[in-house]
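# Tertiary structure, described
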Amino acid sequence: AQTVTQSQPEMSVQEAETVTLSCTYDTSESDYYLFWYKQPPSRQMILVIRQEAYKQQNATENRFSVNFQKAAKSFSLKISDSQLGDAAMYFCAYQAQGGSEKLVFGKGTKLTVNP
Amino acid sequence: EAGVTQFPSHSVIEKGQTVTLRCDPISGHDNLYWYRRVMGKEIKFLLHFVKESKQDESGMPNNRFLAERTGGTYSTLKVQPAELEDSGVYFCASSLGYYSSYNEQFFGPGTRLTVL
């Protein structure tokens, strides 16, 4: 069975600085998707960024980028120029290829942004 | 367009009682998922509907949990009788049709269930 591990229960960053959240996963599949979801306090979880395993290029979405190391099964999230609104729980998730498969989540990392 | 909605937002019940959680997916979304997060642990998959049919219910913890999706629209998750270990946040998510290469799952705000 696939597993996702987030080893940092909490992280903090100064406003305008850069922070990297770590995620490792385990799978025997070669094609799959990886995601970072963000859940702000008392709000819905939203998708931050998606990576297809067959793509070598790392995904980027504005200030958010990933470092995808397929051989190492590592998928870290870098947030540049951190903003107060980035404070949230961040969940790393895995999805088998198929389009509608269930998501497998890590335990989450609580990110605090200090002004 | 309305997002995924869940009702109630919070529920506090006593052990042995019954609770029913409701999820209204985004209109037109055939896929509907239930997940649960117990405090401090991973968000875990419970089950997946495609329209009104259960596609995968491998995550349902036991037969005290019953999920239905009436007419392929909203879904309910009933816990009967509730136990202390059922406490947690129950999330619902929905996504577009099954036969696509990738379908983003959109999440509801969750229902926080506390069993005393």
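Structure: above.
Notes on the structure in this doc start here. Note that the structure is predicted; figures quoted are calculated from it, not measured. (Residues numbered from 1 in each chain as written. Chains lettered and ligands numbered in written order. Predicted model: local features only at pLDDT ≥ 70, side-chain atom pairs only at ≥ 80, totals over all residues. Heavy atoms only, no water.)

Attention shifts here to the overall build of chain B. The secondary structure content of chain B amounts to 0 helices and 11 strands. N-terminal to C-terminal, the α/β element order of chain B is β-β-β-β-β-β-β-β-β-β-β. At 14 Å, chain B has a C-alpha radius of gyration in line with the 13 Å of a compact globule built from 116 residues. Looking at chain B residue by residue over its 116 residues, the buried ones come to 47%. Contacts in chain B between residues at least 24 apart in sequence constitute 53% of all its contacts with a sequence separation of at least 6. Looking at charge distribution, chain B has the averaged site of its 12 positive side-chain charges lying 4 Å from that of its 13 negative ones. (Helix = DSSP H or I, 4+ residues; strand = E, 2+ residues; numbered from the N terminus. Rg over C-alpha atoms; globule rule 2.2 N^0.38 Å. Buried < 20%, exposed > 50% of the residue type's maximum accessible area, 1.4 Å probe, protein only. Contact = heavy atoms within 4.5 Å. Lys, Arg positive; Asp, Glu negative; His and termini not counted. Charge placed at Lys NZ, Arg CZ, Asp CG, Glu CD.)

Glancing now at the side chain of Asp86(A). Structurally, the position occupied by Asp86(A) is in the loop between strand 9 (74–79) and strand 10 (88–96). The exposure class assigned to Asp86(A) is buried, which follows from its relative accessible area of 2%.

Attention now moves to the layout of surface pockets. The calculated volume of the largest pocket comes to roughly 650 Å³. What lines the largest pocket is a set of 27 residues, and nearest its centre among them are Gln39(A), Ser42(A), Val89(B), Phe91(B) and Arg112(B). Elements with a contribution of two residues or more to the lining of the largest pocket: strand 10 and strand 12 (109–114) of chain A together with strand 9 (88–95) and strand 11 (111–115) of chain B. Counting residues per element, the lining of the largest pocket draws most heavily on strand 11 of chain B, at 4 residues. Residue composition of the lining of the largest pocket, grouped by class: 12 nonpolar, 11 polar and 4 charged. A volume near 300 Å³ is recorded for the second largest pocket. The wall of the second largest pocket is formed by Ala1(A), Gln2(A), Thr3(A), Val4(A), Lys102(A), Leu103(A), Val104(A), Phe105(A), Glu42(B), Ile43(B), Lys44(B) and Phe45(B). Among the residues making up the lining of the second largest pocket, the classes are represented as 7 nonpolar, 2 polar and 3 charged. (1 Å grid on protein atoms, 1.4 Å probe; cavity = no way out; pocket = protein on both sides within 12 Å on 5 of 7 lines; lining within 4 Å. Points joined across faces, edges and corners; volume = space filled by probe spheres on them. Nonpolar A, V, L, I, M, F, W, Y, C, P; charged D, E, K, R; others polar.)

Functional significance is not addressed by these values, which are geometric in nature.
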